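Structure assessment
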Amino acid sequence: MKLHPQFPYALYLVISHEACKGKDMIQVAQQAIRGGVDIIQLREKKASEKLFLQRAQQLRELTEKHNVPLIINDNPKVASQVNAAGIHVGNRDSRPALLRKKPYFKERIIGYSIEYLSQLDNEQTATSDYLGISPVFRTDTKKDTVTEWGLEGISKIRQLTTKPLVGIGNLHQQNAGSVIRAGADCIAVVSAICGAEDPEKAAYELKNAILR
Ligand SMILES: Cc1ncc(COP(=O)(O)OP(=O)(O)O)c(N)n1
Ligand SMILES: Cc1nc(C(=O)O)sc1CCOP(=O)(O)O
Ligand SMILES: [Mg+2]
């Protein structure tokens, strides 16, 4: 597998306190980094702004030590407060084209979720650094989704854009390879690592399945 020159990351961990199910989130992230995770997104959908910021600061300390980019989900204020590498937004969040005009995000990573094919022609896609294929397969981790793209959807999107593509949604060791072969540049997971008994081993095996 060849890494995308504009987004040289193969394994993307999307983490939250809740997804770690009682395990310490920072420890899970540390184990995942040891196992081979290349980039991490903090996605706190239920935490207060104060708790989101606290968790982001803790994760920023860890990721900085390991030189792993930290992406913040949805919240531009938290992203700039912790000096994150970037932000991930969807259709119900701040728009990439507007974020790009803010000094903080001029040179930062902006990820954008693709739920409809028509989005590929919009200004938001043009100003984003990578596209989330949202979702590849339906998942219980996020139920408010629109299109289940499947492998055929990835291939179709691959033909329509050269932007880095990040597959997300029910991805694991058994299907990661086929998602990459269909045209994704990177695999993003929550449960396959956060819910694993041994997050380091899970990340290691996923990375091997991607790079194989
Ligand atoms: C890598 C990646 N892809 C897609 C998403 C989903 O973002 P969004 O559509 O804004 O939904 P929420 O995550 O905010 O519920 C993502 N977070 N990361
Ligand atoms: C954060 C997120 N975004 C999605 C999307 O479809 O945009 S699916 C998802 C959760 C993915 O969790 P799991 O790896 O446990 O299936
Ligand atoms: Mg969002």
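The paragraphs below set out a description of the structure included in this document. These figures come from a predicted structure and were not determined experimentally. (Residues numbered from 1 in each chain as written. Chains lettered and ligands numbered in written order. Predicted model: local features only at pLDDT ≥ 70, side-chain atom pairs only at ≥ 80, totals over all residues. Heavy atoms only, no water.)

Observations regarding the coordination of the magnesium ion (ligand 3)
Put simply, the rule reads: Counted as donors are the N, O and S atoms within 2.8 Å of the metal, or 3.2 Å for Na, K and Ca, while water is not among the atoms, so some sites may look incomplete. Helix numbers and strand numbers start at the N terminus; a helix is a DSSP run of H or I with at least 4 residues, a strand a run of E with at least 2.
For the magnesium ion (ligand 3), every protein donor is listed as Asp74 (OD) and Asp93 (OD), and the spread of their distances is 2.1 Å. Separated by 19 residues along the polypeptide, Asp74 in the loop between strand S3 (70-73) and helix H3 (76-81) and Asp93 in the loop between strand S4 (86-89) and helix H4 (96-101) bring together distant segments of the chain.

A few points about a nonpolar patch on the surface
Stated precisely, the cut-off is as follows: Nonpolar side chains (Val, Leu, Ile, Met, Phe, Trp, Tyr) within 5 Å and like charges within 9 Å form the patches, drawn only from residues with over 30% relative accessible area and no salt bridge. Only the protein chains shown count as covering a residue, and every accessible area follows the Shrake-Rupley method with a 1.4 Å probe. A pairing counts as a salt bridge when a side-chain nitrogen of Lys or Arg comes within 4 Å of a carboxyl oxygen of Asp or Glu.
There is a patch of nonpolar side chains on the surface, built from Met1, Leu3 and Leu211 and spanning about 240 Å² of accessible area. Along the chain, Leu3 turns up in the segment before strand S1 (11-15).

Quick look at the side chain of Asn75
Spelled out, the test is: Here's how the labels work: a residue is buried when its accessible area is under 20% of the maximum for its type, exposed when over 50%, partly exposed in between, all with a 1.4 Å probe on protein chains only. We call two residues contacting when some pair of their heavy atoms lies within 4.5 Å.
Secondary-structure assignment places Asn75 in the loop between S3 and H3. Overall, Asn75 belongs to the buried group, its relative accessible area being 13%. Residues within four places of Asn75 in sequence aside, it is in contact with Glu49, Phe52 and Ile87.

Some thoughts on helix H1 (residues 25-35)
Using the following cut-off: N or O atoms within 3.5 Å of each other form a polar contact, as long as, within protein, one can give a hydrogen and the other can take it, and as long as residues adjacent in sequence are counted only when both atoms are side-chain atoms.
Within H1, the full set of buried residues consists of Met25, Ile26, Val28, Ala29, Ala32, Ile33 and Gly35. Considering only its buried residues, H1 is in contact with S1, strand S2 (39-42), helix H2 (49-65), helix H8 (191-194) and helix H9 (199-211). Residue Asp24 occupies the N-cap position of H1, its side-chain oxygen lying 3.2 Å from the main-chain nitrogen of Ile26. Downstream of H1 by a residue or two, Gly36 has a phi angle that is positive, lying close to 125°.

Regarding the site of ligand 1
This is how it is decided: Nearness of a residue to a molecule or strand requires only that one of the residue's heavy atoms be within 4 Å of it. Ten residue types, Ala, Val, Leu, Ile, Met, Phe, Trp, Tyr, Cys and Pro, are classed as nonpolar, four, Asp, Glu, Lys and Arg, as charged, and the remainder, Gly among them, as polar.
In the vicinity of ligand 1, 15 residues are found, and the nearest of them are Arg43, Lys45, Asp93, Ser113 and Lys142. The contact in question runs from an oxygen atom of ligand 1 to an N or O atom on the side chain of Ser113, over 3.0 Å. Within the complex, the protein chains bury 96% of what would otherwise be the 420 Å² of accessible surface of ligand 1. For the shell around ligand 1, the secondary structure elements donating two or more residues are S4 and strand S7 (165-168). Looking at the shell around ligand 1 residue by residue, the classes come out as four nonpolar, six polar and five charged.

Here's the deal with H9
In an α-helix, one turn spans 3.6 residues, which is why side chains three or four residues apart end up on the same side. Heads up, the rule is: Expected span, for any helix, means 1.5 Å times one less than how many residues it has. This arc is built from the directions going out from the helix axis to the C-beta atoms.
Its 13 residues place the ends of H9 18 Å apart at the C-alpha level, agreeing with the 18 Å of an ideal helix rising 1.5 Å per residue. The set of residues buried in H9 consists of Pro199, Ala202, Ala203, Leu206, Lys207, Ala209 and Ile210. The buried residues of H9 occupy an angular sector of 160° when projected down its axis, which confines them to one face.

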